[in-house]
Amino acid sequence: MDASLLAERITLLGPVLRARFGGPVAKIGREAGLGCPNRDGTLGRGGCAYCPPRASGRGQGRSSITQQLEQGLERLASRAARAGRDMPRLLAYFQAHTSTHAPAGRLAPLFEEARAFPGLAGLVVSTRPDCLDPPRWDLLSHLAERLPLWLELGLQSAHEPTLAAINRGHGLACFDAAVAQARARGIEVVAHIILGLPGEGLEQTNSTARHLAGLGLWGVKMHNLMVLEGAPLAANFAAGGFTPWGLEQWAEAAAHFLARLPRQTVIHRLVADPGPERLLAPDWAAHKDLALKALAGYMLEHDLRQGDSCQNTP
Ligand code: SF4
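Bear in mind the structure is a predicted one, so any value in this text is a computation, not a measurement.

**Quick notes on the overall build of the protein chain**
So, step 1. Within the protein chain one finds 11 helices and 9 strands.
So, step 2. The C-alpha atoms of the protein chain give a radius of gyration of 19 Å, which matches the 20 Å a tight globule of 314 residues would have.
So, step 3. For the protein chain, the C-alpha atoms occupy an extent of roughly 45 × 45 × 40 Å along the three principal directions.
So, step 4. The burial tally for the protein chain puts 51% of its 314 residues in the buried class.
So, step 5. Put simply, 83% of the contacts in the protein chain that link residues at least 6 apart link residues at least 24 apart.
So, step 6. On the protein chain, roughly 13300 Å² of surface is accessible, and the fraction owed to carbon and sulfur atoms is 51%.

**A few points about the sheet that holds strand 8 (residues 266-269)**
So, step 1. As summarised here, the arrangement of the 7 strands in space is 1-2-3-4-5-6-8, forming an open sheet in which the pairing is parallel. What marks the edges here is a single partner per strand, and that holds for strand 1 (25-30) and strand 8. With strand direction ignored, the average angle separating the axes of adjacent strands in the sheet is 25 degrees.
So, step 2. Across 5 bridges, the pairing between strand 3 (residues 120-127) and strand 4 (residues 149-156) is parallel. Looking at the pairing, valine 125 lines up with leucine 151 of strand 4.
So, step 3. Strands strand 3 and strand 4 of the sheet are contacted by helix 5 (residues 134-144), whose axis makes an angle of about 140 degrees with strand 4.
So, step 4. Strand contacts of helix 8 (residues 202-213): strand 4, strand 5 (188-195) and strand 6 (219-224), with the helix running at about 175 degrees to strand 5, the strand carrying the most contacts.

**Notes on the pairing of strand 6**
So, step 1. In terms of residue burial, strand 6 counts as a mostly covered element, since 6 of its 6 residues are buried.
So, step 2. Here strand 6 shows two buried faces, one formed by Gly219, Lys221 and His223 and the other by Val220, Met222 and Asn224.
So, step 3. As judged from the 6 bridges shared by strand 5 and strand 6, these two strands associate in the parallel manner. Within the sheet, the bridge partner assigned to isoleucine 194 lies in strand 6 and is histidine 223.
So, step 4. In this fold, the crossover linking strand 5 to strand 6 by way of helix 8 has right-handed handedness.

**A look at helix 8**
So, step 1. Relative to the 16 Å expected for 12 residues at 1.5 Å per residue, helix 8 spans 16 Å between its end C-alpha atoms, a close match to the ideal helical length.
So, step 2. Every buried residue of helix 8 is listed here: Thr205, Asn206, Thr208, Ala209, Leu212 and Ala213. Projection of helix 8 onto a plane perpendicular to its axis shows the buried side chains occupying an angular sector of 155 degrees, all on one side.
So, step 3. Contacts made by the buried residues of helix 8 are with strand 4, helix 7 (172-184), strand 5, strand 6 and helix 10 (247-259).

**Regarding the site of the ligand**
So, step 1. The immediate surroundings of the ligand are formed by 11 residues, with Cys36, Gly47, Cys48, Cys51 and Arg128 found nearest.
So, step 2. For the shell around the ligand, a count of residues per class yields 5 nonpolar, 3 polar and 3 charged.

**Description of helix 2 (residues 13-21)**
So, step 1. What helix 2 keeps buried is the set Leu13, Leu17 and Phe21. Down the axis of helix 2, the buried side of the element spans an arc of 45 degrees, and every buried residue falls inside it. Among the exposed residues of helix 2, those oriented more than 90 degrees off its buried face are Pro15 and Ala19.
So, step 2. Buried residues belonging to helix 2 abut strand 1, strand 2 (89-94), strand 3, strand 4 and strand 8.
So, step 3. Among the residues trailing helix 2, glycine 22 stands out with phi positive, at a value near 70 degrees.

**Remarks on unusual backbone geometry**
So, step 1. Of the consecutive residues alanine 281 and proline 282, the connecting peptide bond is found in the cis state with omega at -10 degrees.
So, step 2. Notably, glutamine 156 is not glycine yet its phi reads approximately 85 degrees, a positive angle.
So, step 3. Note on placement: glutamine 156 falls in strand 4.
So, step 4. Positive phi values are uncommon outside glycine, yet asparagine 167 reaches one of about 60 degrees.
So, step 5. Turning to its location among the elements, asparagine 167 is positioned in the loop between helix 6 (160-165) and helix 7.

**Topic: the pattern of salt bridges**
Pairs can form between side chains of opposite charge whenever their charged atoms are close.
So, step 1. With the rule as written, the count across this model stands at 13 salt bridges.
So, step 2. Sharing partners across several salt bridges, the network here consists of Arg9, Asp303 and Arg305.

Conventions and cut-offs
Residues numbered from 1 in each chain as written. Predicted model: local features only at pLDDT ≥ 70, side-chain atom pairs only at ≥ 80, totals over all residues. Heavy atoms only, no water. Helix = DSSP H or I, 4+ residues; strand = E, 2+ residues; numbered from the N terminus. Rg over C-alpha atoms; globule rule 2.2 N^0.38 Å. Buried < 20%, exposed > 50% of the residue type's maximum accessible area, 1.4 Å probe, protein only. Contact = heavy atoms within 4.5 Å. Areas by Shrake-Rupley, 256 points an atom, 1.4 Å probe, with all protein chains shown as cover. Pairing = 2+ DSSP bridges. Axes fitted to C-alpha atoms, helices over the stretch in contact; angles between N-to-C directions. Right-handed = clockwise from strand over helix to strand, strands pointing away. Expected span 1.5 Å × (residues − 1). Arc of directions from axis to C-beta. Near = heavy atom within 4 Å. Nonpolar A, V, L, I, M, F, W, Y, C, P; charged D, E, K, R; others polar. Salt bridge = Lys/Arg side-chain N within 4 Å of Asp/Glu carboxyl O.

Everything listed here is a matter of geometry and, on its own, says nothing about what the molecule does.
Structure representation (structure tokens):
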């Protein structure tokens, strides 16, 4: 089964970006070193259950934004040269932890430094829906007026009991309000979702998709639940508190989730990258290619495409 079959059935990010920017683009993950408000007590303590303390940070916060972009540019250039491909344009991705966890006055020079990087194609800002006040919204709006920018907001599930169980520290209404605020300001939003959270099955996954379908999101980034060393969930897993989904269960849920999203919603990711943290479970999550093939196989076998079951568009 060729995973490229997915491209015929799903609105994937790569072709959308290529059309928008007139050629290849690549995200370079930037770390602003702002930490996490769900750990430091600003919004909560303990962090989200699935998130190890390092989150997706790489300690880059000690380098300036310009230095990080220069290093990323060098890596991209040598990768493109090795592959004989055109050099992509850059998107600066403020990704690690919570990228708006500071007053607007402290964020502005960080984002402006990235904006001023020669040849930058755009900015991507990843954050929590409860970490945006009016001055920070104004800052993002001002940036979005001057270069392409999209906002990535973590939700993970549209189910309040799940949000409480994973210690997200915010509810669904908070997420919906942030999406509405962004849309009113003309800022595109990508929702982050995790399939396979403890206590969830097909019913919850489908209703999360139905909810997202009604919000007018530009994109959705899907993750499969991974139990990572150091995350609060690891202790629950070790104690036998839950069993992660098998590959077939995930593929079925992912296919039906996609079928309930509007066809025009851009899918930024189908499967999570295990990253540098140690994966404890499930084993299949270490093999992204297997997961993509399982998803393609399920969608083909059941003749499913993104949007096929979508009944809830804004
Ligand atoms: S997912 Fe984000 S908000 Fe939650 S603990 Fe990790 S860094 Fe903090």
